[in-house]
Amino acid sequence: MEQQFQDLELTPRMADVLKIFLEDPSTPRYGFELMRATHQPSGTLYPILARLEKAGWLSLGKEDIDPRAEGRPARRFYRITGRAIPVARSQLAALSERYKLPNRIHSRLITESGSL
Amino acid sequence: VITIVIVFIIAALLATLSGLIGDEVRGWLDLVPRAILRLVATRLPADQRQAIYNEEWLPELTFELNKAQGRPITRLVRGTWYAVSMTRAVDQVGRILADVREPEREIGSSTQDLFAGVDEDAMSVETYEHTYKHGNNPANSTGGVMITSGITFSGQGRVDVGGNVPQHTPPGAP
């Protein structure tokens, strides 16, 4: 079912997930793979994936395998949708800006770490 | 000489027995994460279970368990962690995805189709693999199950109309 695109307020954990999708938007991503990449347990990750899917940011696909030959059922994978890519990029940039240290503190930290 | 032979026989028996016990325990360990996940999935709305549990969570868990073949402890820990952690997600996911996903039914693609009439909880990963490769006919490997829009064909020539799950018919039964 095609979901209508909705705006979302990103949380840092959602941003972690979206960052993985934006690294290569055409690559399908699977649940366990995302758990490892984001260091989030299934209990945290799956509600995020569900929210992103419902908002039309992610689409769901099915692994192209022969279940009998592989000896297992086909997994479901997620892909970021075309509409979500620019929105996710700009929201991630905004989030990064929000958490960025002010310049004077940043340069002081650089100086201090250099003098150690 | 007799003592040495007896000791050798006892040692051989113990080695065989410990191997058998190890295999038995490994088989049971595989069931733990699947049983937990299945229990967690009972909290999903009934109409969402096929799309979320059967088509997403269970295939993901099965893939991960297969990947760690030969490492039973890794399988147990990884699988159990995945399943237990889902207890935190299950209510939320069910609520969010209500009306979002429609369950698919394709030929032999879902676990429900492939394992129709089989007690999934009583199966090890190896049995799962066998069932995927050869269907769920316990008598031989040719009894695949095909389901097409409510008409079900089983490997032994039975045809059920109306999407009923075919039960295995023992050879010679009417």
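From a predicted model like this one, the values you see are computed outputs, not experimental measurements. (Residues numbered from 1 in each chain as written. Chains lettered and ligands numbered in written order. Predicted model: local features only at pLDDT ≥ 70, side-chain atom pairs only at ≥ 80, totals over all residues. Heavy atoms only, no water.)

**Student:** Please clarify how the side chain of R75 of chain B should be interpreted in this entry.
**Tutor:** Residues and elements named next belong to chain B. For R75, the position within the fold is in helix α3 (residues 72-96). Assessed through its relative accessible area of 3%, R75 is described here as buried. Residue contacts for R75: discarding those within four places in its chain leaves D30, L65, A68, Q69, G70 and T80. (Helix = DSSP H or I, 4+ residues; strand = E, 2+ residues; numbered from the N terminus. Buried < 20%, exposed > 50% of the residue type's maximum accessible area, 1.4 Å probe, protein only. Contact = heavy atoms within 4.5 Å.)

**Student:** In this structure, what is going on with the packing of helix α3 (residues 42-54) of chain A against α3 of chain B? I would like to understand it.
**Tutor:** For any two helices packed against each other, the geometry comes down to the angle between their axes and how far apart the axes lie. Here α3 of chain A crosses α3 of chain B at 30 degrees, and the two axes come no closer than 7 Å. Judged on the interaxial angle alone, α3 of chain B and α3 of chain A are roughly parallel. Taken as a pair, α3 of chain A and α3 of chain B cross one another with a handedness that is right-handed. Where α3 of chain A approaches α3 of chain B, its residues S42, G43, T44, Y46, P47, A50, R51 and K54 of chain A are matched on the opposing element by W81, Y82, S85, M86, R88, A89, Q92, V93 and I96 of chain B. Tallied by class, the residues present in the contact of α3 of chain A with α3 of chain B amount to nine nonpolar, five polar and three charged. (Axes fitted to C-alpha atoms, helices over the stretch in contact; angles between N-to-C directions. Parallel < 35°, antiparallel > 145°, perpendicular 65-115°, else oblique. Left-handed = near helix turned anticlockwise from the far one by under 90°. Nonpolar A, V, L, I, M, F, W, Y, C, P; charged D, E, K, R; others polar.)

**Student:** What is the right way to read the confidence of the model for chain B from this model?
**Tutor:** When pLDDT is low, close inspection of the predicted coordinates is not appropriate. Residues and elements named next belong to chain B. The pLDDT averaged across chain B works out to 72; a share of 59% of its residues lies at or above 70. Predicted confidence for residues 106-118 stays below pLDDT 50, and this span has 41 contacts to residues more than four positions away or in other chains. Predicted confidence for residues 138-169 stays below pLDDT 50, and this span has 61 contacts to residues more than four positions away or in other chains. Overall fold confidence for the complex sits at a pTM of 0.68, while the interface term, ipTM, reaches 0.83. (pLDDT = per-residue confidence, 0-100.)

**Student:** Any chance you could explain the packing of aromatic side chains here in plain terms?
**Tutor:** The relative placement of two aromatic rings is captured by the distance of their centres and the angle of their planes. Scanning the model with the defined rule gives five aromatic pairs over all chains in all. Centre to centre, the rings of F5 of chain A and W57 of chain A are 5.6 Å apart; their planes meet at 15 degrees, and the pair counts as stacked. On the criterion of sequence distance, the pair formed by F5 of chain A in the segment before α1 (12-23) and W57 of chain A in the loop between α3 and β1 (58-62) is long-range, its members being 52 residues apart. Here the aromatic rings of F32 of chain A and Y82 of chain B are separated by 4.6 Å at their centres, their planes lie at 25 degrees, and the arrangement is stacked. Of the two residues, F32 of chain A is situated in helix α2 (residues 31-38) and Y82 of chain B in helix α3; the pairing between them involves two chains. Accessibility assignment for this pair places F32 of chain A and Y82 of chain B in one class, buried. An aromatic cluster of three or more residues is present, and its members are F32 and Y46 of chain A together with W57 and Y82 of chain B. The residue whose ring lies beneath R75 of chain A is Y30 of chain A, and the NZ or CZ to ring-centre distance is 3.7 Å. A cation over a ring is seen here: R75 of chain A above F63 of chain B, with NZ or CZ 3.5 Å from the ring centre. (Phe/Tyr/Trp six-rings, centres within 6.5 Å; stacked < 30°, edge-to-face > 60°. Lys NZ or Arg CZ within 6 Å of the ring centre and 35° of its normal.)

**Student:** How do you make sense of the packing of helix α2 (residues 49-67) of chain B against α3 of chain B when you look at a structure like this?
**Tutor:** All names here are of chain B. It is the contact of α2 with α3, at a shortest axis distance of 10 Å, that shows an interaxial angle of 160 degrees. The angle between α2 and α3 places the two elements in the roughly antiparallel class. For α2 against α3, the interelement crossing comes out right-handed. Contacts from I52, W57, E60, L61, E64 and L65 in α2 reach R75, R78, G79, Y82, M86, V90 and V93 in α3. Looking at the contact of α2 with α3, its residues break down into eight nonpolar, one polar and four charged.

**Student:** Hey, could you run me through the environment of T74 of chain B in this one?
**Tutor:** All names here are of chain B. Structurally, T74 can be placed in helix α3. When its relative accessible area of 26% is taken as the criterion, T74 is described as partly exposed. Contact partners of T74, with chain neighbours within four places excluded, come to A68 and G79.

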